[in-house]
Amino acid sequence: MDLFDKINKLKIEKNAIILAHYYQEPDIQDIADFVGDSLDLAKQAAKTPASLIVFAGVHFMAEGAKILNPSKKVVMPDLRAGCSLSDSCPPVAFAKYRQKYPDHFVVSYINCSAAIKALSDVICTSTNAIKIIGHVPENREIIFAPDRNLGAYLMKKTGRTMLLWQGACIVHETFSERKIAMLQIKNPETKLIAHPECEPTLLAKADFIGSTSQLLNYVIEDTGTSFIVATEEGILHQMQKKAPHKKLIAAPPTHSCACNECPFMKLNTLEKLYWCLRDETPEIMVPEELQAQALLPLQRMLEWS
Ligand code: 13P
Ligand code: SF4
């Protein structure tokens with residue numbers, strides 16, 4: 001039996017669901033029961049009747065699934081699949097920062113640890129961030145963490161001034177604006193579409209800015225036929241499947257490396273996914289008290305979005 005068959009058989013035997021993010025390798029996206037952005041994956045995890053959730057994404061996503069649905073067993077193919085953005089906001093330092101502004105309302109991007117979520121008033125993703133900020137009472141000042149680029153973009157879009165934690169994603173800060181400009185000179189019809197985790201100077205040149213699912217929908221629905229995609233290159237798999245006649249160019253990184261691949265997302269492989277489904281390990285565990293504290297801002301996000 002090949003791995004696909006083995007995984008599908010085990011999935012039925014164990015009443016398991018495989019959730020995968022758009023940045024996963026194509027085979028994982030193809031075998032998953034659901035492929036989506038951070039928000040849709042959280043919603044799926046919260047409502048699934050399956051007994052076992054196999055989360056093919058990064059740690060904060062699987063941890064979020066456990067927080068939202070604690071009675072389920074949550075496993076992920078590689079426990080080392082972290083996130084540079086989440087790591088750029090250490091809980092002890094953030095707790096100190098938060099103490100300096102006790103009256104501020106804390107909006108945290110979902111790319112953060114459970115400890116940061118527990119210190120937040122509400123969570124957002126790049127899909128719902130504008131809406132979430134719209135719900136924060138006008139008389140409250142806001143701290144936004146951990147992504148400075150998404151934060152700066154949201155300040156522009158919402159007109160709200162926010163204190164920004166200075167975190168960033170190594171993948172989304174790697175794109176070469178010079179190489180993108182050269183591509184556009186060669187292909188003048190090509191549109192630049194970008195994830196809001198990219199730097200402000202790149203976002204200023206983009207024809208469209210959105211979360212992974214919004215970028216995917218844009219490619220499908222827009223009348224344009226050629227796009228430079230400034231986000232992790234894994235999303236091109238779904239774009240190519242759903243809009244096979246469109247030309248897609250992964251935005252090139254500054255150096256001649258594969259830096260536009262998320263090194264954390266790509267730690268997951270089909271083999272590891274099979275092993276983790278078979279052995280039900282490594283399992284995501286969240287201490288009860290932390291789970292309860294981190295749940296409140298996540299639930300508020302789901303209510304507000
Ligand atoms: P999305 O919520 O847009 O899928 O983004 C997740 C992410 O990690 C972007 O780097
Ligand atoms: Fe984290 Fe960046 Fe990878 Fe997204 S692409 S999971 S923000 S390191």
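The preceding data block contains the structure.
Residues numbered from 1 in each chain as written. Chains lettered and ligands numbered in written order. Predicted model: local features only at pLDDT ≥ 70, side-chain atom pairs only at ≥ 80, totals over all residues. Heavy atoms only, no water.

Chemist: Residues and numbers for the state of the cysteines, please.
Modeler: Disulfide: a covalent bond formed between the sulfur atoms of two cysteine residues. Enumeration according to the criterion identifies 1 disulfide in this entry. The residue that forms a disulfide with cysteine 257 is cysteine 259, at a sulfur-sulfur distance of 1.7 Å. Here the disulfide of cysteine 257 and cysteine 259 is left-handed, its torsion about the S-S bond being about -120°. Assessed through its relative accessible area of 31%, cysteine 257 is described here as partly exposed. (Disulfide = S-S within 2.5 Å. Buried < 20%, exposed > 50% of the residue type's maximum accessible area, 1.4 Å probe, protein only.)

Chemist: Pulling in residues and values, what's your account of the nonpolar core?
Modeler: Grouped together as the largest cluster of nonpolar side chains are 65 residues, with contacts concentrated most on Phe55, Val107, Phe144, Leu154, Leu202, Ala230 and Met301. Ranked by residues supplied to this core, first place goes to helix 4 (residues 59–68) with 6 residues. Ignoring anything within four residues of it in the chain, the contact list for alanine 230 reads His172, Phe175, Leu192, Ile193, Ala194, His195, Cys198, Leu202 and Ala251. Ile7, Ala20, Ile235 and Leu273 belong to the second largest nonpolar core, which has 31 residues in total. (Core = buried A, V, L, I, M, F, W, Y, C linked by side-chain atoms within 4.5 Å. Helix = DSSP H or I, 4+ residues; strand = E, 2+ residues; numbered from the N terminus. Contact = heavy atoms within 4.5 Å.)

Chemist: How would you summarise the site of ligand 2 if you had to cite specific residues and measurements?
Modeler: Contacts to ligand 2 come from 13 residues, most closely from Cys83, Asn111, Cys169, Glu197 and Cys262. When atoms are counted within 2 Å of each cavity's grid points, the one that captures over half of ligand 2 is the largest cavity. Here the residues of the shell around ligand 2 are counted per class, giving 9 nonpolar, 3 polar and 1 charged. (Near = heavy atom within 4 Å. 1 Å grid on protein atoms, 1.4 Å probe; cavity = no way out; pocket = protein on both sides within 12 Å on 5 of 7 lines; lining within 4 Å. Sits in = over half its atoms within 2 Å of the grid points. Nonpolar A, V, L, I, M, F, W, Y, C, P; charged D, E, K, R; others polar.)

Chemist: Requested: an account of the site of ligand 1, with residues and values cited.
Modeler: In the neighbourhood of ligand 1, the contacting residues comprise His21, Tyr23, Asp37, Ser38, Tyr109, Asn111, Ser126, His172, His195, Glu197, Ser211 and Thr212. For ligand 1, an oxygen atom lies 3.5 Å from a polar atom in the side chain of tyrosine 23. In the model, an oxygen atom of ligand 1 is placed 2.8 Å from a nitrogen or oxygen of the serine 38 side chain. Alone, ligand 1 offers 300 Å² of accessible surface; in the complex the protein occludes 96% of this. Within the shell around ligand 1, the residues separate by chemical class into 2 nonpolar, 8 polar and 2 charged. (Polar contact = N/O pair within 3.5 Å; in protein donor to acceptor, adjacent residues only side chain to side chain. Areas by Shrake-Rupley, 256 points an atom, 1.4 Å probe, with all protein chains shown as cover.)

Chemist: So what's going on with the layout of surface pockets? Residues and values would help.
Modeler: Of the volumes computed, that of the largest pocket is approximately 160 Å³. Taken together, Asn149, Ala152, Tyr153, Lys156, Lys157, Pro200, Leu203, Ala204 and Ile209 form the lining of the largest pocket. Among the secondary structure elements, those contributing two or more residues to the lining of the largest pocket are helix 9 (148–158) and helix 11 (200–203). Considering each element in turn, the lining of the largest pocket owes the most residues, 5 residues, to helix 9. (Points joined across faces, edges and corners; volume = space filled by probe spheres on them.)

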